Amino acid sequence: QVQLVESGGGLVQPGGSLRLSCAASGAWPSFKAWGWYRQAPGNQRELVGFIVSDGDIKYADSAKGRFTISRDVAKDTVDLQMNSLKPEDTAVYYCNLKDRIWRNYWGQGTQVTVSS
């Protein structure tokens, strides 16, 4: 069983930056994909980006050029660096891991609010 815990959310002004971190624990020998989704009020949960097991990283169009996903193997974390934040980035951000048989694991979510 995998446990995911997000941290780093908060309130930031437009144009600012935030860094989210997702820590994984539990029994998980490998993963297929590990990344981030977000859900704004009234909207469906949408993909932000993810890293696959071979190290390739994919981003949603809304995240390209502003967001960066990175993995720290030693710490078992995946981080989401968000720059040039916009009010429309306001959402609950969820960490997601798909294990080697494509089971989904979710963190509890962390709120990101972009507002002046």
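For the structure, check the block above.
All of the points below concern the structure found in this document. Because the structure is predicted, anything quoted here is derived from the model rather than measured.

## Considering the overall build of the protein chain
Part 1 of the reasoning: If you tally the helices and strands in the protein chain, you get zero helices and eleven strands.
Part 2 of the reasoning: Counting from the amino terminus, helix and strand elements in the protein chain follow one another as β-β-β-β-β-β-β-β-β-β-β.
Part 3 of the reasoning: With respect to the three principal axes, the spread of C-alpha positions in the protein chain is 45 × 25 × 25 Å.
Part 4 of the reasoning: When each of the 116 residues of the protein chain is scored for burial, the buried share is 41%.
Part 5 of the reasoning: As displayed, the protein chain offers around 6,100 Å² of accessible surface, 48% of which is attributable to carbon and sulfur atoms.
Part 6 of the reasoning: On the protein chain, the mean spot of the 13 positive side-chain charges and the mean spot of the 11 negative ones are 3 Å from each other.

## As for the state of the cysteines
Part 1 of the reasoning: By the definition in use, this model includes one disulfide.
Part 2 of the reasoning: With its sulfur 2.0 Å from that of its partner, Cys22 forms a disulfide with Cys95. On the sign convention where negative means left-handed, the S-S torsion of about -80° between Cys22 and Cys95 marks this disulfide as left-handed. With a gap of 73 residues between them, Cys22 in strand 3 (residues 18-26) and Cys95 in strand 9 (residues 91-99) connect regions that are remote in the sequence.

## Focus on the environment of Val114
Part 1 of the reasoning: With respect to the helices, strands and loops of the structure, Val114 is situated in strand 11 (residues 110-114).
Part 2 of the reasoning: For the pair Val114 and Ser53, spaced 61 residues apart in sequence, the C-alpha to C-alpha distance is 31 Å.
Part 3 of the reasoning: When near neighbours in sequence (up to four residues on either side) are disregarded, Val114 contacts Val12, Gln13, Pro14, Leu85, Lys86, Pro87, Asp89 and Thr90.

Thresholds applied
Residues numbered from 1 in each chain as written. Predicted model: local features only at pLDDT ≥ 70, side-chain atom pairs only at ≥ 80, totals over all residues. Heavy atoms only, no water. Helix = DSSP H or I, 4+ residues; strand = E, 2+ residues; numbered from the N terminus. Buried < 20%, exposed > 50% of the residue type's maximum accessible area, 1.4 Å probe, protein only. Areas by Shrake-Rupley, 256 points an atom, 1.4 Å probe, with all protein chains shown as cover. Lys, Arg positive; Asp, Glu negative; His and termini not counted. Charge placed at Lys NZ, Arg CZ, Asp CG, Glu CD. Disulfide = S-S within 2.5 Å. Contact = heavy atoms within 4.5 Å.

Any functional reading would require information that these geometric values do not contain.
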